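Residues per chain, in single letters:
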Amino acid sequence: MNPQMSHYARILRVARSGAPDRAWEMLADSGLLKKRGEARAFTLKGRLLKDRARRAPADQRAMLFGEAATAYLRAHQVDRASYPLINAATLTLLAKDAVRSRELAQQTLDLLDSNPAEAETAYWLGATRAEAHLLLGDGDTAQAAMRDAVVQAPKAWEDHAATIGQFELLAEV
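Note that the structure is a prediction, hence the values are computed from the model and not measured.

(A) Geometry of the overall build of the protein. When helices and strands are tallied, the protein shows 9 helices and 0 strands. The linear arrangement of helices and strands in the protein, starting from the amino end, is α-α-α-α-α-α-α-α-α. In terms of overall size, the protein behaves like a compact globule, its C-alpha atoms giving a radius of gyration of 16 Å where 173 residues would be expected to give roughly 16 Å. Here the C-alpha coordinates of the protein stretch approximately 45 × 40 × 30 Å along the principal axes. Residues classed as buried in the protein amount to 43% of the 173 residues present. Intrachain contacts of the protein at a sequence separation of at least 6 include 56% that bridge at least 24 residues. Surface exposure of the protein reaches about 9300 Å², of which carbon and sulfur atoms provide 52%. Distance from the positive charge centre (23 side chains) to the negative charge centre (22 side chains) of the protein: 6 Å.

Laid out in structure tokens, this is it:
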């Protein structure tokens, strides 16, 4: 296994275990963020900043969500993937920039339309479409896309949980 990949996995595992501060230390100590072209490092940074924002006092959340969105956008600039782009769109809304959030959501749909196979799985294709449509204010299309995603992978419990967590964030706004 690639040593850097295992390092990413270890940091993510620590974050998922409920120790995001320790995961942040591990990421900072790894030196991964100093390397240009490390989309996974920026995605992981965005994830950890999102976790931090969720736990932060209300008056600090928008700023931290904005920093997380910036990290995800840097990841997208490196590999042009829909995963960091849709995360940036959602986090931009949570950072209180609805106009930019809609722009990023539309860019996500455009990316998926131009290359549907880009999404990691059929579930993520549908879930990403659902999230983008939700950000664009089209709840009916979002609901249909989410139904299709679940039909594609009805037992992908971890994926479903991640989507629910993201939609819970959206429900706050």
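(B) Highlighting the packing of helix H4 (residues 58–79) against helix H5 (residues 82–94). Remark: H4 packs on H5, axes separated minimally by 8 Å, with the N-to-C direction vectors making an angle of 160°. Considering the angle they form, H4 stands roughly antiparallel to H5. Crossing geometry of H4 relative to H5 is assigned as left-handed. Within the contact between the two elements, H4 uses Ala62, Phe65, Ala68, Ala69, Tyr72, Leu73, Ala75, His76 and Asp79 and H5 uses Tyr83, Pro84, Leu85, Asn87, Ala88, Leu91, Thr92 and Leu94. Its residues assigned to classes, the contact of H4 with H5 shows 13 nonpolar, 3 polar and 1 charged.

(C) Main features of unusual backbone geometry. Of note in this structure, Arg80 is not a glycine but carries a positive phi near 50°. Tracing the sequence through the fold places Arg80 in the loop between H4 and H5. Its identity as a non-glycine residue notwithstanding, Lys96 has a phi of 75°, on the positive side. Relative to the assigned elements, Lys96 resides in the loop between H5 and helix H6 (98–114). Residue class for Lys96 comes out exposed when judged on its relative accessible area of 68%.

(D) Local environment of helix H2 (residues 20–30). Inspection of H2 places Pro20, Ala23, Met26 and Leu27 among the buried residues, and these make up the whole buried set. Buried residues of H2, viewed axially, fall in a sector of 115°; they line one side.

(E) Up close: the packing of H5 against helix H7 (residues 122–135). Put simply, H5 and H7 touch, their axes get as near as 10 Å, and they point 30° apart. Considered as vectors, H5 and H7 are oriented roughly parallel to each other. Viewed along their axes, H5 and H7 form a crossing whose handedness is left-handed. Facing Ser82, Ile86, Ala89, Thr90 and Leu93 of H5, the residues of H7 in contact are Thr128, Glu131, Ala132 and Leu135.

(F) Helix H9 (residues 157–171), seen in detail. Here H9 contains 15 residues, and its C-alpha end-to-end distance of 20 Å stays within 8% of the 21 Å for a straight helix at 1.5 Å per residue. Buried residues in H9 make contact with helix H3 (39–55), H4, H5, H7 and helix H8 (139–152).

Analysis parameters
Residues numbered from 1 in each chain as written. Predicted model: local features only at pLDDT ≥ 70, side-chain atom pairs only at ≥ 80, totals over all residues. Heavy atoms only, no water. Helix = DSSP H or I, 4+ residues; strand = E, 2+ residues; numbered from the N terminus. Rg over C-alpha atoms; globule rule 2.2 N^0.38 Å. Buried < 20%, exposed > 50% of the residue type's maximum accessible area, 1.4 Å probe, protein only. Contact = heavy atoms within 4.5 Å. Areas by Shrake-Rupley, 256 points an atom, 1.4 Å probe, with all protein chains shown as cover. Lys, Arg positive; Asp, Glu negative; His and termini not counted. Charge placed at Lys NZ, Arg CZ, Asp CG, Glu CD. Axes fitted to C-alpha atoms, helices over the stretch in contact; angles between N-to-C directions. Parallel < 35°, antiparallel > 145°, perpendicular 65-115°, else oblique. Left-handed = near helix turned anticlockwise from the far one by under 90°. Nonpolar A, V, L, I, M, F, W, Y, C, P; charged D, E, K, R; others polar. Arc of directions from axis to C-beta. Expected span 1.5 Å × (residues − 1).

In short, shape yes, function no, at least from these values alone.
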